[in-house]
Amino acid sequence: MNTWNQLLSPQQESATPTALAVGFVSVITDLGLIAFTGPQSATFLHSQLTNDVEHLGPQDVRLAGYCSPKGRLLASFLMWRDDESVYLQLARDIQPAVQKRLQMFVLRAQTKARDASDERVVLGVGGGFGEAVLRTWFDALPEAPYTKLDHPLGTILRVADAFGAPRYLWLASPETVATVAAELADRLTVTGNQAWRLSDIHAGVPVITAATQEQFVPQMVNLELLGGVSFKKGCYPGQEIVARSQYLGKLKRRTALVSIADPAVTAGTEVFTPADPDQPCGMVVNAAPNGAGGVDALVEMKLDALEAGVVHAASAQGPALQFLPLPYVLDKLDV
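Residues numbered from 1 in each chain as written. Predicted model: local features only at pLDDT ≥ 70, side-chain atom pairs only at ≥ 80, totals over all residues. Heavy atoms only, no water.

Per an unreviewed UniProt entry, the protein chain goes by the name Folate-binding protein and belongs to Pseudoduganella buxea.

Another aspect to go through is the environment of Gly65. Relative to the assigned elements, Gly65 resides in strand S3 (residues 62-67). For Gly65, a relative accessible area of 0% gives the class buried. Each C-alpha atom of the pair Gly65 and Ala75 lies 5.8 Å from the other, and the pair is 10 residues apart in sequence. Among residues more than four places away in sequence, those in contact with Gly65 are Gln48, Leu49, Thr50, Leu73, Ala75, Ser76, Phe77, Leu223 and Gly228. (Helix = DSSP H or I, 4+ residues; strand = E, 2+ residues; numbered from the N terminus. Buried < 20%, exposed > 50% of the residue type's maximum accessible area, 1.4 Å probe, protein only. Contact = heavy atoms within 4.5 Å.)

Quick look at the pairing of strand S15 (residues 295-302) now. Among the 8 residues in S15, 7 count as buried, and that is most of the element. Strand direction decides the pairing type here: strand S12 (residues 253-260) and S15, joined by 8 bridges, are antiparallel. Bridged to Ile260 within S15 is Val295. Linkage of strand S14 (residues 282-289) to S15, two consecutive antiparallel strands, is achieved through a turn of 5 residues, within which Gly291 is found at a positive phi near 75°. (Pairing = 2+ DSSP bridges.)

On to the pattern of salt bridges, then. A complete count under the given rule lists 13 salt bridges for this structure. Note that Asp60 is salt-bridged to Arg62, the shortest N-O span being 3.7 Å. When its relative accessible area of 24% is taken as the criterion, Asp60 is described as partly exposed. When the shortest N-O distance is used, the salt bridge between Asp200 and Arg167 registers 3.0 Å. Here Asp200 is found in helix H7 (residues 193-202), whereas its partner Arg167 is found in strand S10 (residues 165-172), with 33 residues between them in sequence. A single salt-bridge network, built from bridges that share partners, covers Asp30, Arg167, Arg197 and Asp200. (Salt bridge = Lys/Arg side-chain N within 4 Å of Asp/Glu carboxyl O.)

For the rest of this paragraph, the subject is the side chain of Thr191. Within the secondary structure layout, Thr191 lies in strand S11 (residues 189-191). Residue class for Thr191 comes out buried when judged on its relative accessible area of 0%. A polar contact is formed between the side chain of Thr191 and the side chain of Ser26, at a distance of 2.6 Å. (Polar contact = N/O pair within 3.5 Å; in protein donor to acceptor, adjacent residues only side chain to side chain.)

Domain annotation of the protein chain identifies domain 1 (1-250) and domain 2 (252-323). Using C-alpha coordinates to define each centre, domain 1 is positioned 25 Å away from domain 2. The interface of domain 1 with domain 2 comprises 26 residues on the first partner and 20 residues on the second. Note on domain 1 versus domain 2: buried area summed over both sides is about 1800 Å², and carbon and sulfur give 61% of it. Together, Ile201, Phe216 and Met220 form the three largest contributors to the area buried by domain 1 at its contact with domain 2, with a combined 29%. At the surface where domain 1 touches domain 2, the tally comes to 1 salt bridge. Here Arg254 makes a salt bridge to Glu224, at a shortest N to O gap of 2.6 Å. Applying the counting criterion to the domain 1 and domain 2 interface returns 6 residue pairs in polar contact (both at pLDDT 80 or more). The biggest single contributor to the side of domain 1 that touches domain 2 is H7, with 5 residues. Split into classes, the residues belonging to the side of domain 1 that touches domain 2 amount to 12 nonpolar, 11 polar and 3 charged. (Domains from an automatic or database assignment. Buried area = accessible area lost by both parts, 1.4 Å probe. Nonpolar A, V, L, I, M, F, W, Y, C, P; charged D, E, K, R; others polar.)

Here it is, written out as structure tokens:
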């Protein structure tokens, strides 16, 4: 791990989307990991999360949410399993509290949660050359987004594509990382948390953090468009409200991809329209430096503001949001 840290400099923490599209590797330290182990782990989590856990296969990777009884997201997860455990990857700043809350509801279920955040080094690899570089060590890679492969060198999760290329999370031992670090750094742009977050943003994938807990129903951040909500599974906290938003046309908000020429914009920053300058029309879900002096962001907002296309950060006189195309169709649920 020391070898890898020596390769990482503050100047490489952020990069432009154009640079990342060529090929990059990110050392990711701002994601936590909860492992649920025991014969009833999947059954328990199935009753708590927005997505199907009972039918999560050994090669499957899924998004999921954890809601309050009011249907508001307390956390968003990347989820997978192995022979022993079901894993929930989430923002590290909320991991301890979310783990504690889930553990409270285990009761007599035969499962136990542990903090697995430091059991593996997490590398993010993407861009046009990313896949070819990974094939230096892997004969095969997951063929589609949201699938995984277990290998003696670690677990490879393929997540949502970004910048026109596949993205992978490589969970490896520190010893493995020390072995491959020099070649990764020689062939790819070395980056950190912010660059990986920028790639998530351009993939249209929201990550709930401490700044945005209990702010959004899953559909407000497009989670069901990404396969993160199952409407066929049984009950879970907030399920009635999530279902009502889907089937009764109650949702009037969505999340857009934007660029903002202000580096001070962060998750939780409110946004406004000139038509109603005194009331926020939405909130920044995630933001990351875009290498051009500002940030790119996922911003949740009212549909009328989204359709009007004139929105400003922090105040009605703040920097304008420049709307960018999402990589998926934005079903507005405005029936």
